[in-house]
Amino acid sequence: MPVTDAPRLQWQTAEVREIVEETPRVRTIILDVPSWHGHKAGQHIDVRLTADDGYQAQRSYSIASAPESDHLMLSVERIEEGEVSPYLAGEARMGDKFELRGPIGGYFVWTIATGGPLFLIAGGSGVAPLMAMLRHRAAQKSTIPATLLFSSRTYDDIIYRAEMERLAAADPHLKIVHTLTRGQPAGWTGPSRRIDSEMLVSEGFAPDAKPHIYICGPTALVESSARALLALGHDRALIKTERFGPTGL
Amino acid sequence: MSDSPVTRGFKGRRGPQGPASRIPPGQHLTTDFPVLSAGPTPPIDLASWSFELQDGDTTLGEWDWDEFNALAQTDVTVDIHCVTTWSKLDTHWQGVTIDTLLEAVGLAEPPGPFTLIHCDGDYTTNVPTEDLVDGKAMIATLYEGEPLVGEHGGPARLLVPHLYFWKSAKWVRSIVFGETDDPGFWEDLGYHIYGDPWREQRYAGD
């Protein structure tokens, strides 16, 4: 196997190009990475920050941008007890520099060649790698049927809301369903509870359709969704999971 | 690394870091126990559970749940290190060491220099035999005195704490000894073939 002979993933210096405030708790950091060699939707990177006395901290983040994008995007939720996320989601500004290396991970990955239907299930900032898949699909003008079931706390906590509306409005093969678990605006007609078996049936694809399923979010959401999908008869080999716990970030 | 650019505005939290001698490079201390799995947690079914030791295609020994729990039990308190950069100190496990399993099938020496570990959900990982013997590894069934829950690998997971924690495969069902070091699931997907946290062997080429 060539595995042991693979070249080392080198640390590269990234520069913050732009910052987008997505929600009160989540920011997207848009980066210039001069020697980035590309990635697949769903992959992640390791970020390493260095303080002026040489102290370093390292964490993993999913890539939110499509492979087709000129810039690398990370969407980071502020975790109060965190170490790297308070910098990325709060302190970072244009022109700041830090190191990253990647792309990492070859399993939680979707490309046009993987095929469909594509069934994405997200909770909170776990949507980032799934958004990379939807952006990749849109950039390729794919008509592969795709559904995103996205659980957020409130309407204002929906990450990428405007972009999702644009994507879904322009694409009859894409369905995006929001569920709001902690508060709904007046007139809200969508679901307002945690993702459950009934919602997976009514909004998702039937097991017979053999959807490729990607779940990313807090452990409780991932565990319960995956368990419900298995019980509904979905093929375990088609269910891929990634967790965003309180640590990690 | 002296050639790393300073990140303006980053001070670091530098909370309780624990003794530096116990936190490998690039790792940070956590007190909770994050769950990371590539797919759904398999349902626990102790009635149909079995564990097997194999030399290539030859079965050396097989135990059902009751037989496995009747084997000599060992307690350990160890530090664990996940490749996603968290480390957790003083975790307490109980289970059956690989030495005990080899002894139970009447082997004084392990039958081959490498192993591939097989799990429910088609997960595999490779570990050199010398990293499993002499008390370095066990099949763990209790965590902090309680039956290991499914999302952390219950009913039984491999525990090989001196390597990155993906090597401590959840839902373990067999150890297959062999002559070659064949990459397992994550090792085939770009993760390091050996995974020593103290040498920061996270990915292939590290």
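Structure shown above.
Below is a short write-up of the structure. What you see is a predicted model, and the numbers here were worked out from it, not measured in a lab. (Residues numbered from 1 in each chain as written. Chains lettered and ligands numbered in written order. Predicted model: local features only at pLDDT ≥ 70, side-chain atom pairs only at ≥ 80, totals over all residues. Heavy atoms only, no water.)

### Let's talk about the interface of chain B and chain A
- On the side of chain A, 51 residues touch chain B, which itself brings 45 residues to the contact.
- Here chain B packs against chain A, burying approximately 4,100 Å² in sum over the two surfaces, 54% of which is carbon and sulfur.
- Three residues stand out in chain B for area buried against chain A, namely B:Arg8, B:Phe10 and B:Pro40, and they jointly supply 18% of the buried area on that side.
- The interface formed by chain B and chain A includes four salt bridges.
- For B:Arg8, the salt bridge identified is with A:Asp96, shortest N-O distance 2.6 Å.
- For the interface between chain B and chain A, the tally reads 18 residue pairs in polar contact (both at pLDDT 80 or more).
- Considered class by class, the residues forming the side of chain B that touches chain A number 19 nonpolar, 15 polar and 11 charged. (Contact = heavy atoms within 4.5 Å. Buried area = accessible area lost by both parts, 1.4 Å probe. Salt bridge = Lys/Arg side-chain N within 4 Å of Asp/Glu carboxyl O. Polar contact = N/O pair within 3.5 Å; in protein donor to acceptor, adjacent residues only side chain to side chain. Nonpolar A, V, L, I, M, F, W, Y, C, P; charged D, E, K, R; others polar.)

### Focus: the side chain of A:Ser60
Residue and element names in this part refer to chain A.
- Turning to its location among the elements, serine 60 is positioned in strand S4 (residues 56-62).
- Using a relative accessible area of 14% as the deciding quantity, one classes serine 60 as buried.
- Side chain to side chain, serine 60 and aspartate 46 meet in a polar contact 2.7 Å long. (Helix = DSSP H or I, 4+ residues; strand = E, 2+ residues; numbered from the N terminus. Buried < 20%, exposed > 50% of the residue type's maximum accessible area, 1.4 Å probe, protein only.)

### Quick word on the environment of B:Gly190
Residue and element names in this part refer to chain B.
- Position of glycine 190 among the secondary structure elements: in the segment after strand S11 (172-178).
- Residue glycine 190 is classed as partly exposed on the basis of its relative accessible area, which comes to 32%.
- Along the backbone, glycine 190 and proline 110 are 80 residues apart, and their C-alpha atoms lie at a distance of 28 Å.
- Ignoring anything within four residues of it in the chain, the contact list for glycine 190 reads Tyr203 and Ala204.

### A look at the pairing of strand S6 (residues 114-119) of chain B
Residues and elements named next belong to chain B.
- As paired strands, S6 and strand S7 (residues 124-128) are joined by five bridges and run antiparallel to one another. Of the residues in S7, the one forming a bridge with leucine 116 is asparagine 126.
- Once S6 ends, the chain turns through four residues before running back antiparallel as S7, passing glycine 121 with a positive phi of about 80°.
- Pairing of S6 with S11 involves six bridges; the strand directions are antiparallel. When the bridges of S11 are listed, leucine 116 appears paired with valine 176. (Pairing = 2+ DSSP bridges.)

### Section: the sheet that holds strand S2 (residues 26-32) of chain A
Residue and element names in this part refer to chain A.
- If you walk across this open sheet you meet the six strands as S4-S3-S6-S1-S2-S5, and the pairing is antiparallel. One side of each edge strand has no neighbouring strand; the edge strands of this open sheet are S4 and strand S5 (72-77). Recorded for the sheet is a direction-independent mean angle of 40° between the axes of neighbouring strands.
- Bridge count for strand S1 (residues 12-21) against S2 is six bridges, and the pairing is antiparallel. Across the sheet, glutamate 15 pairs through a bridge with aspartate 32, a residue of S2. (Axes fitted to C-alpha atoms, helices over the stretch in contact; angles between N-to-C directions.)

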